[in-house]
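# Coordinates in review
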Amino acid sequence: MSSDTFQASKRVSDEIKADLPVHPEKYVMLTGDRPTGRLHLGHYFGTIRERVRLQDMGVTSRIIIADYQVITDRDTTEHIADNVRNMVIDYLACGIDPEKTIIFTHSAVPALNQLMLPFLSLVTEAELLRNPTVKSEQEASGHALTGLLLTYPVHQACDILFCKGNIVPVGKDQLPHIEQTRQIARRFNERYGRVFPEPHGLLTEAVEIPGLDGRKMSKSYGNAIALSATAEETAKLIKKSKTDSERLITFDKEARPGVSALLTTAALCTGRGEEEIAAEIGEAGSGALKAYVTEAVNDYLAPIRARRAELEADPAYLEEVLRDGNRRANEIADATLDEVRAAMGMVY
């Protein structure tokens, strides 16, 4: 993505952010996650907290649990039902309100997925192959480029446009997906008649959430603190994290990635600055730092864990939340597909 294109996207994003508190009713937000494992602190501080804020602001919100997209780069759906269930628990425990936000799964909304057929006719092979996110995800997975991974951006366009989504919280690296969605909406509207909005990326603040080893927090790296982890499990993970032999605690992401990752984790959970925390611990060493981080994380997650325990004890409620979310998503998708078929002259 060129610098000019990014700057244009940022300007629009900044304008939307300024308008959101004034006119939340103008916006429909679509966001979601792939159920490939448990959600962790990186997901919470990176996206979930912002979703709750926008929901509570009055923005119409839809969250997709993208179960079909698990198989873009994986050979099995083992554990997927458990992952979906725990994802619902985490969303609700973190403050997503199913009365305000529709939570649903790909596989339960046929009309959404049927949009793939007309949408695929609106993109070229070269455009699909050019998408940098597809390339990076393929390289990261080590898998062959499957048809589903190649058309992943088109499937995401279906996710966004089925509910007439007009804002999507994204990081800079996901902007090409949004641009492809805008292109699909524009081409459909030009060819068949206006049905879809052209959505914009709502650029999230570039908060880098480090894992316990200093790399980006990720399930695949095994360096993440899951939202479902107990206080004891969290303490063990933090205790095992790598630091260094220097007693004086300082914040230096390049030279001291392990120590700095712990300081950032504590800063996110306490609202303090990394340098301030480092100065307070001083020469007490990594043991004192780990104790501080453990207390900060466990204190922060305590109310989320308490709510999780309540939700886990009521599986019937969880099933009802997802069943109702799927029902509401189907109503929206069916209505949109009717509009698409009518625009295309395919009502018989």
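Note that the coordinates shown come from a computational prediction; the quantities given were computed from them, not determined experimentally. (Residues numbered from 1 in each chain as written. Predicted model: local features only at pLDDT ≥ 70, side-chain atom pairs only at ≥ 80, totals over all residues. Heavy atoms only, no water.)

Attention now goes to helix 12 (residues 257-270). If you check helix 12, its first and last C-alpha atoms are 20 Å apart, about what 14 residues at 1.5 Å a residue would give, namely 20 Å. Burial within helix 12 is extensive, with 12 of its 14 residues counted as buried. If you follow the buried residues of helix 12, they end up packed against helix 2 (41-57), helix 11 (231-240), helix 13 (274-281) and helix 14 (285-312). (Helix = DSSP H or I, 4+ residues; strand = E, 2+ residues; numbered from the N terminus. Expected span 1.5 Å × (residues − 1). Buried < 20%, exposed > 50% of the residue type's maximum accessible area, 1.4 Å probe, protein only. Contact = heavy atoms within 4.5 Å.)

For the rest of this paragraph, the subject is the side chain of arginine 62. Mapped onto the fold, arginine 62 is located in strand 2 (residues 60-65). Despite being buried, arginine 62 has no salt bridge partner; glutamate 331 is the closest side chain of opposite charge, sitting 9.0 Å away. Setting aside residues up to four positions removed in sequence, arginine 62 forms contacts with Val28, Met29, Leu30, Thr31, Thr101, Ile102, Phe104, Cys163 and Ile332. (Lys, Arg positive; Asp, Glu negative; His and termini not counted. Salt bridge = Lys/Arg side-chain N within 4 Å of Asp/Glu carboxyl O.)

Within the element layout of this structure, cysteine 269 appears in helix 12. Cysteine 269 sits in the buried class, given a relative accessible area of 10%. As for cysteine 269 and valine 293, which are separated by 24 residues in sequence, their C-alpha atoms are 8.6 Å apart. Once residues within four sequence positions are removed from consideration, cysteine 269 is found in contact with Phe45, Ala296, Val297 and Tyr300.

Right, let's talk about the packing of aromatic side chains for a bit. Under the criterion given, the structure shown has 7 aromatic pairs. When the centroid spacing of 4.9 Å and the interplanar angle of 50° are considered together, the rings of phenylalanine 188 and tyrosine 192 count as tilted. Placement of both phenylalanine 188 and tyrosine 192 in helix 10 (residues 175-192) is noted, with a separation of 4 residues, approximately one turn of the helix. Joined through ring pairs, the aromatic side chains of Phe119, Phe188, Tyr192 and Phe196 make up one cluster. If you follow lysine 172 out to its NZ or CZ, it ends over the ring of phenylalanine 6, 4.5 Å from the centre. (Phe/Tyr/Trp six-rings, centres within 6.5 Å; stacked < 30°, edge-to-face > 60°. Lys NZ or Arg CZ within 6 Å of the ring centre and 35° of its normal.)

One way to put it is that helix 3 (residues 80-94) packs onto helix 15 (residues 315-343) with a least axis distance of 10 Å and a crossing angle of 90°. Here helix 15 runs roughly perpendicular to helix 3, going by the angle between their axes. Mapping the contact onto sequence places Val84, Arg85, Val88, Ile89 and Leu92 in helix 3 and Tyr317, Leu318, Val321 and Leu322 in helix 15. Class assignment of the residues belonging to the contact of helix 3 with helix 15 gives a composition of 8 nonpolar, no polar and 1 charged. (Axes fitted to C-alpha atoms, helices over the stretch in contact; angles between N-to-C directions. Parallel < 35°, antiparallel > 145°, perpendicular 65-115°, else oblique. Nonpolar A, V, L, I, M, F, W, Y, C, P; charged D, E, K, R; others polar.)

By the criterion of burial, strand 2 is predominantly enclosed, with 5 of the 6 residues buried. Relative to strand 2, strand 1 (residues 28-33) is paired through 6 bridges, and the arrangement is parallel. Its bridge partner lying in strand 2, glycine 32 is registered against isoleucine 64. Remark: the strand 1/helix 2/strand 2 crossover connection has right-handed handedness. Regarding the hand of the β-α-β motif, the stretch spanning strand 2, helix 3 and strand 3 (residues 101-105) is right-handed. (Pairing = 2+ DSSP bridges. Right-handed = clockwise from strand over helix to strand, strands pointing away.)

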